[in-house]
Protein chains: 2
Amino acid sequence: MSGPKDDKPGPSRRGFLAGAGGLVAGAGAMLGARGAPALAATPPGSPGVVNAEIEPFWGSHQAGIVSPQQGHTYFAAFDLVTPKREDVIALLRRWTEASARMSAGQRVQAFKQDADYADADPVEAADSAEAMGLPAARLTLTFGVGAGLFVKDGKDRYGVAARRPEALVDLPRFNGDQLADARTGGDLSVQACADDPQVAFHAVRQLARLADDAARMRWAQTGFAASAGGGETPRNLMGFRDGTNNPSIRDADAMGKIVWVGNEGPEWMRGGSYVVVRRIRIALEHWDRMKLAFQEQTVGRRKYSGAPLGKESELDPLDLDATDKDGNPVIAENAHVRLAAAASNEGAQILRRPYSYNDGVNFTAERWPPWRQGMEYDAGLLFICYQSDPRSGFIKIFEKMAKFDMMNQFATHTGGGLFACPGGVAPGEFIAQRLFLGDSNDRAGL
Amino acid sequence: MSGPKDDKPGPSRRGFLAGAGGLVAGAGAMLGARGAPALAATPPGSPGVVNAEIEPFWGSHQAGIVSPQQGHTYFAAFDLVTPKREDVIALLRRWTEASARMSAGQRVQAFKQDADYADADPVEAADSAEAMGLPAARLTLTFGVGAGLFVKDGKDRYGVAARRPEALVDLPRFNGDQLADARTGGDLSVQACADDPQVAFHAVRQLARLADDAARMRWAQTGFAASAGGGETPRNLMGFRDGTNNPSIRDADAMGKIVWVGNEGPEWMRGGSYVVVRRIRIALEHWDRMKLAFQEQTVGRRKYSGAPLGKESELDPLDLDATDKDGNPVIAENAHVRLAAAASNEGAQILRRPYSYNDGVNFTAERWPPWRQGMEYDAGLLFICYQSDPRSGFIKIFEKMAKFDMMNQFATHTGGGLFACPGGVAPGEFIAQRLFLGDSNDRAGL
């Protein structure tokens, strides 16, 4: 054996294990032959790795937006704590490299030969290893930048204040908002999605480690999606189908119109999108005590079939003008589906990518009859949506819903944020490169 | 249509949806024909339902102990708040019926025809429905009783104090314990395991609803297992394989010796087991800063291969007597595997069924240099183990580990409990029936 060979992409996590026995067996001969922790020269995650469970990292759009939704997410927001622009760029470079590797099912850093740690001066483990042996599990890592990257406490910390997009507004305070500071905002966001929760957690954990002293985690939230197979619309914890009227990720025209930033945005955001995330606690015990008919009036749909009230099947279009024999609307004026519908919002649409969350229980004392005290679920919806402009997307739709939606009796928004997700990354680039270095025409000068 | 037909087992959740269209279409003719919410006469979950993803509920042992481990758990503990023995029995009857149905992929109650809620006097939804359309996902529900069922505040509340098994001790306070009252103990326990987190959550949620005013949830904890395929030992969040030396669930002799209560226990516990659950927070950031060689000394195994120190592959037996050239033990005196090994504990063994948990992050201020402040993971291990007697199982093994295990630098036990899990349930019986009604010979008299 002639020592570490790091000039090709590292083995996949699954593939690695098969080879490990041989490396261990040969480690004795390699004592002291400590290889430099070189990184792959070929961009990891490039085409050629055949694995049905890999979502491509490189591309004109970031992965994790119109990728088929995975079963689990771990969403994390970070505060930048470095004062230096070059630290932010270095961080984004490390994150890019690591994300490409992990998306392809590889370890965050190239495998260090056993000789490394059999050496007399062992090093910190390069990767915490809990994803070793696991498949890529369709891992996607989707990055966003918050308003604080541009200006914080009145300061243009990183020289990009002039590039803040108009669409990256400060989210207004909505009626009923109970956002906790410790669960809200952040300068950078990472949405990790995978079909295995350990793969998603592992990815964020490695990125947090790579943040070193440049950024610190501000908040994080796990989520899971019901694994409804066969093309059925999954149900959220309220027991209703969630996503029936969501635009199709397979409809490129719709995605172009609803999700992707086009020429109206700054160059670095083209092919990107804006993500709004809201941690919505749902009073499930309260909801469960409601009569089925009331639940259906609240939503505007039948619970079991998913059909709009007055219709017979899930995919029947909403008829917002239908009235009953007394002249009352079949779908109530303040029903959830009416207020959310494009027709009620001058055509406004968003792409939802929602997860449920379940953070156990905590103690609640009712301040109303019958003054129950006890544990209540801290569970609900990790609402995530993408749009080309939040002013004509989430903000437009939710302003009215926050005031009138009957569902607000059961739902409380307790955290979240708005982040600008730059366009996709090509091999050799780093995430948000065009924000920092300008477009390809002036990149040479930097 | 002649109205609800509930005299056969309900359709599976998945099967139900295919039939729903017809029921909805016919609902008009059935207005007012409100069927009683009858329950299936044939025990649900009986053989005959062909679904590879169903774990049998009825049997000589409870499911969820030696069942192949599922991907997700939701573990909940309840306090009994009723003073009445008959309320407890009624609760256990409801839980039995519901558990058998849900384990078979059915709704918690028989389907109520659409006519029920189209009626002028609609009712609360019988099932919160978030598992509708999902497969059984190998759901298991495993029940236990805590010391508080027998005696609480000095009172024999339910007339079973004399039947408290000797083995159901009060767990001693172990060195380093930081058990929070709000996460510890309980009179009843439910371990829901499934390959879909929504199925596990749904099950516990229905049981909590069925508890009515007899019992209230005290604490709950989600957990997930890495989906390591191909027979590989999964890794926990410390990045090490977890379970290499676990006895095999396929070894009936070993299970008989280690897990199942035999004739030494009271009649109602025969075929049952004792579960110890501990929520173990792991300081992952701290752990990740340790050198690989130190992590391996702490555990006593190689991280990547899982081999015991000084050996070459994962399944090589531990050699606790091996010394290096200086005469020092290869596996340190306070290494985790040494202290956990049967050979160090007079042969004591337990069956571990561990999950990882990830409850996000919370703020921590270090009280030591370098006085870091910031968010730290609230993540770690939801340790669950089964044994025929906790005195010769977990307590014996952990007493020494709590004092000496090097891993204690990184792990803090923050909650949990000890519960006696009665033997399995036959159709017609309810969970823990023999505890309340005695054995079959004197059942007639009650």
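Computed from a prediction, not measured in an experiment: that's the story for all the values here. Counting of residues starts from 1 at the beginning of each chain's written sequence and follows it residue by residue. Chain labels run from A onward and ligand labels from 1 onward, assigned in the order the entries are written. In view of the model being predicted, local features appear only for residues whose pLDDT reaches at least 70, and side-chain atom pairs are presented and counted only at 80 or more, with totals across whole chains, interfaces and linings using the full set of residues.

**A look at the overall build of chain A**
In step 1: Counting its secondary structure elements, chain A contains ten helices and nine strands.
In step 2: Considering only intrachain contacts with a sequence separation of at least 6, the fraction spanning at least 24 residues in chain A is 80%. Strands here mean DSSP runs of E at least two residues long; helices mean DSSP runs of H or I at least four residues long; both are numbered from the N terminus. The contact rule is simple: place each C-beta atom from the backbone, and if two of them lie within 7 Å, those residues are in contact.

**Some remarks on the interface of chain B and chain A**
In step 1: Each side of the interface is counted separately: chain B has 59 residues, and chain A has 58 residues.
In step 2: Put simply, the parts of the chain that give the side of chain B that touches chain A at least two residues each are α1 (13-25), α4 (197-210), β4 (215-224), α6 (284-288), α7 (292-299), β7 (355-365) and β8 (373-387) of chain B.
In step 3: Looking at the side of chain B that touches chain A element by element, the count peaks at eight residues for β4 of chain B.

**Comments concerning the relation of the copies chain B and chain A**
In step 1: Taken as rigid bodies, chain B and chain A are interconverted by a rotation of 180° and an axial shift of 0.0 Å, the fit giving an RMSD of 0.0 Å. Taken together, the rotation and translation describe the operation of a two-fold axis. Minimal C-alpha separation from the rotation axis in chain B is found for Asp 359 of chain B, amounting to 3.2 Å.
In step 2: A high fraction, 98%, of the interface residues of chain B reappear at the interface in chain A, so the copies pair face to face through one surface. Copy-to-copy alignment: least squares on C-alpha atoms, limited to residues at pLDDT 70 or above in both.

**Topic: unusual backbone geometry**
In step 1: One non-glycine residue, Arg 138 of chain A, lies in the positive phi region at around 55°.
In step 2: Neighbour density around each residue's C-beta defines its exposure: 20 or more other C-beta atoms within 10 Å make it buried, 12 or fewer make it exposed, and counts between make it partly exposed, where C-beta atoms are placed from the backbone. Given 24 C-beta atoms within 10 Å, Arg 138 of chain A falls into the buried group.
In step 3: Its identity as a non-glycine residue notwithstanding, Ala 432 of chain B has a phi of 65°, on the positive side.
In step 4: Inspection of the secondary structure assignment puts Ala 432 of chain B in the loop between β9 (411-421) and α10 (433-437).
In step 5: With 27 C-beta atoms counted inside 10 Å, the residue Ala 432 of chain B sits in the buried group.

**Focus on helix α9 (residues 394-404) of chain B**
All names here are of chain B.
In step 1: Here α9 has its buried residues at Phe 394, Ile 397, Phe 398 and Met 401. Taken end-on, α9 shows its buried residues confined to a sector of 85°, consistent with a single buried face.
In step 2: Against β5 (273-282), α8 (336-340) and β8 lie the buried residues of α9. Here the arc refers to the set of directions running from the helix axis out to each C-beta atom.

**Topic: the environment of Tyr 74 of chain A**
All names here are of chain A.
In step 1: Position of Tyr 74 relative to the elements: it lies in strand β1 (residues 72-80).
In step 2: Using a count of 25 C-beta atoms within 10 Å as the deciding quantity, one classes Tyr 74 as buried.
In step 3: Linking Tyr 74 and Asp 359, residues 285 residues apart in sequence, is a C-alpha distance of 13 Å.
In step 4: If near-sequence neighbours (up to four positions away) are discounted, Tyr 74 is found in contact with Ala 192, Ala 200, Phe 201, Val 204, Ala 220 and Thr 222.

**With respect to the confidence of the model for chain A**
Residue and element names in this part refer to chain A.
In step 1: Counting all residues, the mean pLDDT for chain A is 85, and 82% of those residues have values of 70 or more.
In step 2: Counted against residues more than four places away or in other chains, residues 441-446, with its pLDDT under 50, gives four contacts.
In step 3: Interface confidence in the predicted complex, given as ipTM, is 0.85; pTM for the same model is 0.86. The quantity called pLDDT is the predictor's confidence in a given residue, expressed from 0 to 100.

**Brief notes about the packing of helix α2 (residues 85-103) of chain A against helix α4 (residues 197-210) of chain A**
All names here are of chain A.
In step 1: Interaxial angles span 0 to 180 degrees and are taken between N-to-C directions of axes, which are lines fitted to C-alpha atoms, for helices over the stretch in contact. Look at α2 against α4: their axes get within 10 Å of each other, and the N-to-C directions meet at 155°. In terms of axis orientation, α2 runs roughly antiparallel to α4. For the pair α2 and α4, the sense of crossing is right-handed. For the pair α2 and α4, contact is made by Arg 94, Trp 95, Ala 98 and Met 102 and by Ala 203, Gln 206, Leu 207 and Leu 210, respectively.
In step 2: Residues are sorted three ways: Asp, Glu, Lys and Arg are charged, Ala, Val, Leu, Ile, Met, Phe, Trp, Tyr, Cys and Pro are nonpolar, and all the rest, Gly among them, are polar. Within the contact of α2 with α4, the residues separate by chemical class into six nonpolar, one polar and one charged. Angles are sorted into four bins: roughly parallel if under 35 degrees, roughly antiparallel if over 145, roughly perpendicular if 65 to 115, and oblique for all others. The sense of a crossing depends on the near helix, which, turned anticlockwise from the far helix by less than a right angle, makes the crossing left-handed and, turned clockwise, makes it right-handed.

**What to know about the pairing of strand β3 (residues 188-194) of chain A**
Residue and element names in this part refer to chain A.
In step 1: Across the seven residues of β3, seven count as buried, placing the element largely inside the fold.
In step 2: The alternating pattern of β3 places Leu 188, Val 190, Ala 192 and Ala 194 on one face and Ser 189, Gln 191 and Cys 193 on the opposite face, and all of these are buried.
In step 3: A pair of strands is treated as paired once DSSP finds two or more bridges between them. Note that β1 and β3 share seven bridges and pair antiparallel. Looking across to β3, one finds that Ala 77 is bridged to Ser 189.
In step 4: As judged from the six bridges shared by strand β2 (residues 140-145) and β3, these two strands associate in the antiparallel manner. Each residue of the ladder has a partner; that of Thr 142, found in β3, is Gln 191.

**Observations regarding the nonpolar core**
In step 1: Counting 231 residues, the largest nonpolar core has Val 204 of chain A together with Val 204 of chain B as the members making the most contacts within it.
In step 2: Ignoring any residue separated from it by four or fewer positions in sequence, one finds Val 204 of chain B in contact with Tyr 74, Ala 76, Val 190, Ala 192 and Ala 220 of chain B. We define a nonpolar core as a collection of buried residues of the types Ala, Val, Leu, Ile, Met, Phe, Trp, Tyr and Cys that are connected via C-beta atoms lying within 7 Å of each other.

**Here's the deal with α4 of chain B**
Residue and element names in this part refer to chain B.
In step 1: The span one expects for a helix is its residue count, reduced by one, times 1.5 Å. A rise of 1.5 Å per residue sets the reference length of α4, with its 14 residues, at 20 Å; its end C-alpha atoms lie 20 Å apart and thus fit the reference within 8%.
In step 2: Counting buried residues along α4, twelve of its 14 residues qualify, which places the element largely inside the surrounding structure.
In step 3: Residues of α4 that are buried: Pro 197, Gln 198, Val 199, Ala 200, Phe 201, His 202, Ala 203, Val 204, Arg 205, Gln 206, Leu 207 and Ala 208.

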